[in-house]
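Architecture and fold: a report
Now for the letters of each chain:
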Amino acid sequence: MFMRITLLLLVFLPAVHTFTTMYRPTKFLSPLLRPSRLFSTPRSSSSSRPPPKPGLLQQLPAFQPPNEHLNACQKKIQYMKPDPLIKNAKLRAQKQSSLKLQTLTTLLSKPLNERQKRWHQTFQNLHPFDDVVLRLTISNRVKIDGIELFSTMSKVDDGRKRIVKLGKELSGEVKKCERTKDVNDFTDDAVDQLLKLYKSTISPTLPYLNSYHKLLRTTPLYDFTSPTLLLIGAPNVGKSSLVRKLSSGKPEVNDYSFTTKSVTIGHKWLIKKDEWGGEDRVRCQVMDSPGVLLREGKANDMEELTVKSAELLPTAVMFVWDLSKGNQGTSSFEVQKKARETLREKFPRRPWFDVITKVDVLEEEDQNMVEEVERICGRNGEKLHMVSAITGEGLEEVEVEVEKVLTEVGEVLQVL
Ligand SMILES: Nc1nc2c(ncn2[C@@H]2O[C@H](COP(=O)(O)OP(=O)(O)OP(=O)(O)O)[C@@H](O)[C@H]2O)c(=O)[nH]1
Ligand SMILES: [Mg+2]
């Protein structure tokens, strides 16, 4: 048993090594090596940061929509009362005006500052996997409409600073008013100036941050304590169809390439009988991923997400092949073989098995490719299964294999 776990630990050492070389060990190793710390004892020392938790991107606070925010601020300053202890009418009006402008400035700017700070702090303490998800989400969005997250945050922050500066100036200027009536006119005008500045700087940009909030809230939520199986394969080979069969995950299935554009996580229970006749239930994750072609060893954003999932998360891998004619246009046998070789070379000791899917439409003449896949797997003793997500043929055997590798990963995670 001890030997087995030691061997399995070695299996994940490359992943752990990547974490240590790419990130400060305290930032990432501790949750892996001492999971209990992650959930129980927050550290008191301010110099050592707490280890990153999963799910931070999904918990970012949203910004109040600009119109709602403006209305709420205006309502709040409407009912500010003058100070009855000040007998002089002009001074009383000046103090009320100054307070009103200071309050409005704070109401307009403080929530923006607080939320922006929370966002920045979150981004600085992300788990490496979430870091990649964030980077790829941004680069994807930039391709669609050119809206970049950090420059949008800077724009909002510039607007906020201008509001704070103007608010300070205006609340000081009220002292220059010579008559009580002037104070009232000045206040109305100053409130107007602050609202206008918000409308011209914050209102047009803030919705972009909220649309990022929406995007990031729906990014995959990975649980580091659950054993995970990652399905990898070329586009359109049938990965998502298998994820739907093997777990609670319901990724989209379509007859075109790159249907899956992000990782989707489904769940599955691993049920083990204990020595007393009872049951031990372990919640596992089954992860779908965008198709990989890895032409000339290069990865586009979506392919990078798949590769990084394997690199940064301690998962087992199911490599999915499609040898049927239907998929040969996008992912020829040679392309699939190359992608498989590249990935296996990158993750040589990962718990791994191969699956040839769509066997219901395989033809006699495809047999030589099946034999070639058998040879590839046989070289390193990887298991190979034949399956059809449509007819269910071979699914039981694949399920047994899935449970086996998930159990292996579970044993490693218990020791880490
Ligand atoms: N005949 C047959 N068709 C299948 C099988 N599995 C999947 N398909 C079909 O193959 C097509 C692609 O299936 P998906 O599960 O979306 O494939 P994918 O690998 O997730 O595709 P991407 O997300 O685009 O990379 C769909 O039309 C499926 O209905 C199978 O076992 N037999
Ligand atoms: Mg898919």
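Residues numbered from 1 in each chain as written. Chains lettered and ligands numbered in written order. Predicted model: local features only at pLDDT ≥ 70, side-chain atom pairs only at ≥ 80, totals over all residues. Heavy atoms only, no water.

**Notes on the pairing of strand β1 (residues 228–233)**
Counted residue by residue, β1 has 6 buried out of 6 residues, so it is predominantly covered. What you see with β1 is no split at all: Thr228, Leu230 and Ile232 on one side and Leu229, Leu231 and Gly233 on the other are buried throughout. Pairing of β1 with strand β3 (residues 279–288) involves 3 bridges; the strand directions are parallel. Across the sheet, Thr228 pairs through a bridge with Gln285, a residue of β3. When β1 meets strand β4 (residues 316–322), the two strands line up parallel, connected through 5 bridges. Bridging from a neighbouring strand, Leu229 pairs with Ala316 of β4. (Buried < 20%, exposed > 50% of the residue type's maximum accessible area, 1.4 Å probe, protein only. Helix = DSSP H or I, 4+ residues; strand = E, 2+ residues; numbered from the N terminus. Pairing = 2+ DSSP bridges.)

**A few points about the pattern of salt bridges**
If you walk through the whole model with that rule in mind, you get 25 salt bridges. With its nearest N and O atoms 3.5 Å apart, the salt bridge here joins Lys161 to Asp157. With Lys161 and Asp157 both in helix α7 (residues 149–173) and 4 residues apart, the pair spans about one turn of that helix. Classification of Asp157 by relative accessible area gives buried; the value is 18%. One salt bridge connects Arg379 with Glu341, and the closest N-O pair in it is separated by 3.9 Å. (Salt bridge = Lys/Arg side-chain N within 4 Å of Asp/Glu carboxyl O.)

**Some thoughts on the packing of aromatic side chains**
Under the counting rule described, the total for this entry stands at 8 aromatic pairs. An angle of 80° between the planes, with centres 5.5 Å apart, marks the rings of Phe123 and Phe150 as edge-to-face. Here Phe150 lies in helix α7 and Phe123 lies in helix α5 (residues 89–124), a separation of 27 residues in the sequence. Owing to a relative accessible area of 10%, Phe123 belongs among the buried residues under this scheme. Of the residues examined, Phe150 reaches a relative accessible area of 32% and is grouped as partly exposed. Centroid distance Phe319 to Trp352: 6.2 Å. Interplanar angle 5°. Geometry classified as stacked. One end of the pair, Phe319, is in strand β4; the other, Trp352, is in strand β5 (residues 352–357), and 33 residues separate them in sequence. The exposure class of Phe319 is buried, given its relative accessible area of 1%. Under the relative-accessibility criterion, Trp352 is labelled buried at 6%. Within the aromatic cluster, the residues linked to one another by ring pairs are Phe63, Trp119, Phe123 and Phe150. In this structure, Arg141 packs its charged tip against the face of Tyr212, placed 5.0 Å from the ring centre. (Phe/Tyr/Trp six-rings, centres within 6.5 Å; stacked < 30°, edge-to-face > 60°. Lys NZ or Arg CZ within 6 Å of the ring centre and 35° of its normal.)

Read these as spatial facts, not as claims about activity.
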